[in-house]
Amino acid sequence: ASAAARAPGARAVPADAQDSEEVALSAPEADVDWAAVLAALDAGRRRALASGSSDELARFVDPQGDAWADDAALLERLASSGARIEGGGIELGEVREEVVDGARARLLVRDRRLAYDVVESGSTTHMAERPWRWWVVTLSASPSLDGPSWRIADVSGADDRAAP
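A short tour of the structure in this document, coming up. (Residues numbered from 1 in each chain as written. Predicted model: local features only at pLDDT ≥ 70, side-chain atom pairs only at ≥ 80, totals over all residues. Heavy atoms only, no water.)

So, the packing of aromatic side chains
The relation between two aromatic rings is expressed through the spacing of the ring centres and the mutual angle of the planes. Our working rule: To pair, rings of Phe, Tyr and Trp, with the six-membered ring standing in for Trp, must have centres within 6.5 Å; the planes then decide the type, stacked if under 30 degrees apart, edge-to-face if over 60, and tilted in the middle. The secondary structure listing takes helices from DSSP runs of H or I that are at least 4 residues long and strands from runs of E that are at least 2 residues long, numbered from the N terminus. Three exposure classes are used, based on accessible area relative to the maximum for each residue type with a 1.4 Å probe and protein chains only: buried under 20%, partly exposed in between, and exposed over 50%. In our convention, an over-ring charge means Lys NZ or Arg CZ found within 6 Å of a ring centre and within 35 degrees of that ring's normal.
A full pass over the atoms with the stated rule returns 1 aromatic pair. Aromatic pair W34 and W150: ring centres 5.2 Å apart, planes at 65°, arrangement edge-to-face. Taken together, the positions of W34 in helix α2 (residues 34-51) and W150 in strand β8 (residues 149-157) put the pair 116 residues apart, joining distant regions of the chain. Judged by relative accessible area, which is 6%, W34 ranks as buried. In this structure W150 comes out as buried when scored by relative accessible area, which is 0%. Lying across the ring of W135, R133 places its NZ or CZ 4.0 Å from the centre.

Dropping the structure here:
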């Protein structure tokens, strides 16, 4: 997408983005760059889905959260069919902090999913981009050797009344 087509302040997260997990996913603290955290989580989640590893997926999606069931089912469908997803990064338009404490962060997020391809048995199905939409994203803090980090706990639709 061209810069002119992006929402003000939008940040593209390419499908092959290399995230800086040690920085972006780091400890719950003041002045967190939530866009960087979400970008790193999305990139890590996509890599985990490509790897077929539920252990890898658990680094980015909380197995105790509501988002886990959908992602674990997607992981299983991809693994059992031999399909893979190419592309599909997110472009963040806006991230608003709603509630943040030591254990959880509830964010209001406006993003769009970039187009992607599903490749299976030599066949490619192109999936169009998903337009801009608001979501309520809940992250959970989890301990790690480097200190707490964030994982996706829940993602639910938010109606467009959230827009300014």
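Thoughts on the side chain of D62
Test applied: Contact definition: two residues touch when any of their heavy atoms are within 4.5 Å.
Structurally, D62 can be placed in the loop between α3 (54-57) and α4 (67-81). Look at D62 and you get buried, because its relative accessible area is 8%. Beyond its immediate stretch of four places on either side in the chain, D62 contacts W68, S140, R151, I152 and A153.

What about the packing of α2 against α4?
The test is simple: Helix axes use the C-alpha atoms of the stretch in contact, all axes being lines fitted to C-alpha atoms, and the angles between their N-to-C directions lie in the range 0 to 180 degrees. Roughly parallel means an angle under 35 degrees; roughly antiparallel means over 145; roughly perpendicular covers 65 to 115; every other angle is labelled oblique. Any residue that is not Ala, Val, Leu, Ile, Met, Phe, Trp, Tyr, Cys, Pro, Asp, Glu, Lys or Arg is counted as polar, Gly included; the first ten are nonpolar and the last four charged.
The geometry of α2 relative to α4 is characterised by a closest axis approach of 8 Å and an angle of 40° between their N-to-C directions. It follows from the interaxial angle that α2 and α4 lie oblique. Here α2 contributes R45, A48 and L49 to the contact with α4, which in turn contributes D71, L74, L75 and L78. Here the residues of the contact of α2 with α4 sort into 5 nonpolar, no polar and 2 charged.

Remarks on the pattern of salt bridges
Spelled out, the test is: Salt bridge, as applied in this entry: a Lys or Arg side-chain nitrogen positioned within 4 Å of an Asp or Glu carboxyl oxygen.
A complete count under the given rule lists 11 salt bridges for this structure. Its salt-bridge partner being D42, residue R46 comes within 2.9 Å of it at the nearest N-O pair. Taken together, the residues span about one helical turn, with R46 and D42 both in helix α2 at a distance of 4 residues. Like R46, the residue D42 is buried in the burial classification. With a shortest N-O distance of 2.9 Å, E86 and R84 are connected by a salt bridge. Looking at R84, the relative accessible area reads 44%, which means it is partly exposed. A single network of salt bridges, built from pairs that share partners, joins D42, R46 and R113.

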